[in-house]
Every structure is written in C-alpha cells, then in structure tokens.
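Coordinates in review
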Amino acid sequence: MNIYKLKTSETNYKILSSEGFEMATKKLPPYYEKQEKHELHFAVCPACNNPVQIIGLNKKLQHTDHPYAKHYHKSIRGLAPFDKEAFESCSLVHPRTNLSKSNRKPVCTEREKQILSNLQENFDQVAYLFQLYSGIVMTKSLAEEMLKWYVAEQGHLYKGASLINAPWVFVYLSKAQSLWGRIIKDPELQEALCKKVPTGLINERKQFISKGSEKIFFWFAGHKQSKTSDNFLKETMQFIVTCDDEDIYKKTITFDYEHFQNLLNTPDEKRPRRENFTELAKKYLG
Ligand SMILES: [Zn+2]
C-alpha cells in the first residue's frame, strides 16, 4: 500500500514518499529503528491501526520505483501493538468480495469506537461529500434521519466498515429515503427524474416534486471491495433511484479516499465547515 499514518489516534493519513516520510517523522524513533546493522522504518496502517514497515525508503526496489508500506506482524513499542484479528479483517490486505449489509462484528474495539469519533468530528465533510457524489443537497433533517438509521444499524460494527471509508458506509447503511422536495444539484439526475417520473418536475428552487402518487426514493446497494492493478484498495457502491418498483437511475460510486483526506487536511477557513452538522452528529454518535 502507498498510504500510512503516524499515530493510531490520527484520522488523517499521508501518501507515502521518501521525502514526505522523512519530513513527517524527522527520522526519529519509533519510525526509524536500528535492528542489528539495519535501519528499519515503521508507521501505522490507516485502515486497521496495525504497525506497517516501509520498504524501499532509501534503496530503490527492483520491482517498483516507489517505497511502499507492508503490514508488520509484531508490535512496535511506542507506535502500535500488533492485532492479528484487525490485520485479518483489514480491507487494505484482504478486500472482501462477499460483503452483506447485515454482517456485523461481534465486539466493539477501540477501532470501531474510532470509526464513530471520526465520523462525528468530520460529519460536515461527510455531508458535503454526499452532496457531491449523489447530487442531492444534504439537509439537517435528512442527516438526522440517516444518523438515526446508522445508530440503529450499528454501522460502526458493519464488517465492511474501516477507518478510511466512513463517509460512504454511513449512507450505505441508511434505509431508502424519499426524494420528494429534495434539492437536486446533479443535471443528469434532474433529467432522469423529469423524464421517468410521469408527473415529476424540478421547480425554480431546483427541488424535485411530483403531483402524482408515485413513491420516489434513493438508496445504496452493492458495497464491493477489490484490489486495483497497483495493489491498492478499490471500493464501490451503487446509488439507485427507484420510482414505485422500477429503478429509474443508477450510478456506481467509487470511494474517493483522497478527496476526503484533502478535505480533512484543508484549513477550516478554506473548506465548507458547517458546525450545525457536527453538533447534530454529536447528539447521535458522541
Ligand atoms: Zn491494515
């Protein structure tokens, strides 16, 4: 993998590069350790909080130009303990191809608690990302509905949930939500709604309304994990709009970890912070 973080408690992670790693760690222990005659380099896996070893930091590797991080199967004092169970369920090593929405982990460990705190602290960014990939404006009442559902479903224990995919898993586990009266920003979705819902229209406020009795709702399905050709994790889910029994719009959403990280790394004044959203999340997840 090509990502790492410096502490188990961190939400943010970094893209691995030799210069970046040196700057971030200042070449200090526990990231730089001498073992016999060798200097070894360590960090933390952003998805499972286990130690990782950085390979090829100072020496060019034969099979790749870039250093990479590999799970390390022993605890590193002052950095991270090795947790076999977390390693075995780490999506960066073992992407799950057979995820079921109803699968839950039997126990809540520190990692699952961290999923909840990350989601809560960054909930305004989660709401912002939702608007971008769905084209639907996230209102406070919609957020509240989805939060209630996430809590009832124990979303943090879902087997496909990790420390890096909270913004997507959060909506994935929600029940279907009505589209009536919602502000639709995505022109493609606007067009589908106008064409395929017999009495559907988008009003001057860009709200979707219909005069008939059709039930129109959106939902998410088919969360999948796989490995990319460069050995990184790829996660997708389907965004579906249904009118009565017919699916009238469908698109694949690829989890964009980098975008979420960029939002977290942007200073507060330069990103769309909405404290009422994080306050709302605190009420349910705090
Ligand atoms: Zn891991």
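Residues numbered from 1 in each chain as written. Predicted model: local features only at pLDDT ≥ 70, side-chain atom pairs only at ≥ 80, totals over all residues. Heavy atoms only, no water.

What to know about the nonpolar core
- Counting residues in each nonpolar core, the largest one holds 83 residues, and the members touching the most others are L92, F130, F170, L193, F218, F220 and V241.
- Composition of this core by domain shows at least three residues from each of domain 1 (3-88) and domain 2 (110-285).
- Sequence-distant contacts of F130, that is, excluding residues within four places in its chain, are made with G135, I136, M138, L142, M146, V171, F218 and F220. (Core = buried A, V, L, I, M, F, W, Y, C linked by side-chain atoms within 4.5 Å. Buried < 20%, exposed > 50% of the residue type's maximum accessible area, 1.4 Å probe, protein only. Domains from an automatic or database assignment. Contact = heavy atoms within 4.5 Å.)

Remarks on the pattern of salt bridges
- According to the stated counting rule, one finds nine salt bridges in the structure shown.
- With a closest N to O distance of 2.9 Å, R111 and D83 form a salt bridge. Placement of R111 in helix α3 (residues 110-121) and of D83 in the loop between β6 (68-71) and α2 (84-88) is noted, with a sequence separation of 28 residues between them.
- Owing to a relative accessible area of 16%, R111 belongs among the buried residues under this scheme.
- Note that D186 is salt-bridged to K251, the shortest N-O span being 3.8 Å. On the criterion of sequence distance, the pair formed by D186 in the loop between β7 (177-178) and α7 (187-196) and K251 in strand β12 (residues 246-254) is long-range, its members being 65 residues apart.
- You can call D186 buried: its relative accessible area is 16%. (Salt bridge = Lys/Arg side-chain N within 4 Å of Asp/Glu carboxyl O. Helix = DSSP H or I, 4+ residues; strand = E, 2+ residues; numbered from the N terminus.)

Some details on the domain arrangement of the protein
- Domains assigned within the protein are domain 1 (3-88) and domain 2 (110-285).
- If you average the C-alpha positions of domain 1 and of domain 2, the two centres end up 32 Å apart.
- On the domain 2 side, the residues contacting the 14 residues of domain 1 number 14 residues.
- Together domain 1 and domain 2 conceal approximately 1100 Å² of surface at their shared face, both sides included; 49% is due to carbon and sulfur atoms.
- The largest share of the area that domain 1 buries against domain 2 comes from T11, N12 and Y13, three residues that together contribute 48% of it.
- Viewed at the interface, domain 2 and domain 1 are joined by one salt bridge.
- For the pair domain 1 and domain 2, the interface holds seven residue pairs in polar contact (both at pLDDT 80 or more).
- Looking at the side of domain 1 that touches domain 2 residue by residue, the class counts come to six nonpolar, five polar and three charged. (Buried area = accessible area lost by both parts, 1.4 Å probe. Polar contact = N/O pair within 3.5 Å; in protein donor to acceptor, adjacent residues only side chain to side chain. Nonpolar A, V, L, I, M, F, W, Y, C, P; charged D, E, K, R; others polar.)

Examining the coordination of the zinc ion
- In the first shell of the zinc ion, the protein supplies C45 (SG), C48 (SG), H71 (NE2) and C90 (SG), at 2.1 to 2.3 Å from the metal.
- Here the zinc ion is ringed by four donor atoms whose angles at the metal span 103 to 115°, and the overall shape comes out tetrahedral.
- Linear spacing of the donor residues for the zinc ion on their chain is C-x2-C-x22-H-x18-C. Here H71 lies in strand β6 and C48 lies in the loop between β4 (38-44) and β5 (51-55), a separation of 23 residues in the sequence.
- For C48, a relative accessible area of 1% puts it in the buried group. (Donors = N, O, S within 2.8 Å, 3.2 Å for Na, K, Ca; no water. Tetrahedral: all angles 85-135°; square planar, octahedral: opposite > 155°, others 65-115°.)

Observations concerning α3
- Taking 1.5 Å per residue as the helical rise, α3 with its twelve residues ought to reach 16 Å, and the 16 Å between its terminal C-alpha atoms agrees with that figure.
- Of all the positions in α3, only R111, E112, Q114, I115, L116, N118, L119 and Q120 are classed as buried.
- If you follow the buried residues of α3, they end up packed against α2, α4 (123-134), α5 (140-152), α6 (166-172) and α9 (275-285). (Expected span 1.5 Å × (residues − 1).)

A word on the sheet that holds β12
- An order of β7-β10-β11-β12 is seen for the four strands of this open sheet, with the pairing classed as antiparallel. Of all strands in the sheet, those bounded by a partner on one side alone are β7 and β12.
- Across two bridges, the pairing between β7 and strand β10 (residues 216-227) is antiparallel. Looking across to β10, one finds that Q177 is bridged to F218.
- The strands touched by α4 are β10, β11 (233-243) and β12; relative to β10, the strand with the most contacts, the crossing angle is about 95°. (Pairing = 2+ DSSP bridges. Axes fitted to C-alpha atoms, helices over the stretch in contact; angles between N-to-C directions.)

Comments concerning α7
- Every buried residue of α7 is listed here: L189, Q190, A192 and L193. Viewed along the axis of α7, the buried residues span an arc of 165°, placing them on a single side of the element. Exposed and oriented more than 90 degrees from the buried face of α7 are P187, E188 and K195.
- The elements touched by buried residues of α7 are α4, β8 (200-202), β9 (208-210), β10, β11 and β12.
- For α7, the N-terminal cap is D186; the gap from its side-chain oxygen to the backbone nitrogen of E188 is 3.1 Å. (Arc of directions from axis to C-beta.)

What to know about the packing of aromatic side chains
- In total, this model carries 18 aromatic pairs according to the counting rule given.
- On the numbers, 6.2 Å between centres and 50° between planes, the contact of F82 with F87 is tilted.
- Since its relative accessible area comes to 23%, F82 is described here as partly exposed.
- F87 sits in the buried class, given a relative accessible area of 12%.
- Here F220 and F239 contribute two aromatic rings whose centre-to-centre distance is 5.4 Å and whose plane-to-plane angle is 40°, an arrangement assigned as tilted. Separated by 19 residues along the polypeptide, F220 in strand β10 and F239 in strand β11 bring together distant segments of the chain. (Phe/Tyr/Trp six-rings, centres within 6.5 Å; stacked < 30°, edge-to-face > 60°.)

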